[in-house]
Structure formats: C-alpha cells, structure tokens
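# Structural features, examined
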Amino acid sequence: QVQLVESGGGLVQPGKSLRLSCAASGFIFSNYGMSWYRQAPGKERELAASITSVGGFTNYADSVKGRFTISRDNAKSTVYLQMNSLKPEDTAVYYCASVVTNRRYWGQGTQVTVSS
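Quick caveat, the model's predicted, so the values are computed rather than measured. (Residues numbered from 1 in each chain as written. Predicted model: local features only at pLDDT ≥ 70, side-chain atom pairs only at ≥ 80, totals over all residues. Heavy atoms only, no water.)

In this section: the pairing of strand S9 (residues 92–100). A large share of S9 lies buried, amounting to seven of its nine residues. Alignment of strand S4 (residues 34–39) against S9, held across five bridges, turns out to be antiparallel. Bridged to Trp36 within S9 is Cys96. Alignment of S9 against strand S11 (residues 110–114), held across three bridges, turns out to be antiparallel. Residue pairing in the sheet places Val93 in a bridge with Gln111 of S11. As paired strands, S9 and strand S10 (residues 103–106) are joined by four bridges and run antiparallel to one another. The residue bridging Ser98 from the neighbouring strand is Tyr105, located in S10. Linkage of S9 to S10, two consecutive antiparallel strands, is achieved through a turn of two residues, within which Thr101 is found at a positive phi near 45 degrees. (Buried < 20%, exposed > 50% of the residue type's maximum accessible area, 1.4 Å probe, protein only. Helix = DSSP H or I, 4+ residues; strand = E, 2+ residues; numbered from the N terminus. Pairing = 2+ DSSP bridges.)

Our next topic: the layout of surface pockets. Quantified by volume, the largest pocket comes out at close to 190 Å³. Around the largest pocket sit 13 residues that line it, and Arg38, Ala40, Lys43, Glu46 and Glu89 are the ones nearest its centre. Looking at the lining of the largest pocket residue by residue, the class counts come to two nonpolar, three polar and eight charged. (1 Å grid on protein atoms, 1.4 Å probe; cavity = no way out; pocket = protein on both sides within 12 Å on 5 of 7 lines; lining within 4 Å. Points joined across faces, edges and corners; volume = space filled by probe spheres on them. Nonpolar A, V, L, I, M, F, W, Y, C, P; charged D, E, K, R; others polar.)

Trp36, Val79, Leu81, Met83 and Tyr94 are the most contacted members of the largest nonpolar core, which totals 30 residues. Every element with two or more residues in this core is listed here: strand S3 (18–25), S4, strand S5 (46–51), strand S7 (68–73), strand S8 (78–83), S9 and S11. (Core = buried A, V, L, I, M, F, W, Y, C linked by side-chain atoms within 4.5 Å.)

Moving on, we come to the pattern of salt bridges. Scanning the model with the defined rule gives four salt bridges in all. Here Asp62 and Lys65 are joined by a salt bridge, their closest N and O atoms 3.2 Å apart. Taking the relative accessible area as the measure of exposure, Asp62 reaches 66% and is therefore exposed. Judged by relative accessible area, which is 49%, Lys65 ranks as partly exposed. (Salt bridge = Lys/Arg side-chain N within 4 Å of Asp/Glu carboxyl O.)

As structure tokens, then:
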C-alpha cells in the first residue's frame, strides 16, 4: 500500500532553515510527481511546492518562492523540502502528497513552528 512518511519538522527561529523529508513506499516513486502542502491554524490546506516525475520540474507558491526548494532522490524514494529564511507565517503542518493511480495520498504531516 502507498505510504508517505514525513519527518524533519520542529521549532525554529525566524530567519533559520529547516529541511523536511518524505519517505515513500508502495509505488514506483520515480513515476510520480510529488508535492508539499501546508495547513496553518484556521486556514485551508495550500500547495507549497511540487516536482514532476520526469525532468524534475518544480513549481512554488508565491509565498515561498525564492526561499523553499523541493527536490527528490529517486534512489531513496524520498522527496525533500529545504526551507530557508523561515518566517512566522510559515508556521503550519506540512504534508507530503502524491496522486497515484488517480487517488491522492497524504502523509500524516509534520509540524513546523517558526517563533522566537
């Protein structure tokens, strides 16, 4: 079965960096695009970044463009989100996601809190 397991969240000061990881299993990872979503308290879940399966083309929300970088390691079936220059408004639960055989799968989420 498809499983997505995030890690790397935590409490970090504004301006600092954090790297999230998402380990995938149960499907041929290299064949599918991957995404990172986030959901702040009281807000809807939003797409933060995505990366295609072929070519590794990336897409970012305007709010994270230039600060976040999504990447993938197909040999490890893992997708990463490098987050730099973090701001308090980046505080959210971050979810890894993928659409596999027309069904969207989610990880359990990892909390990122940006606060001094």
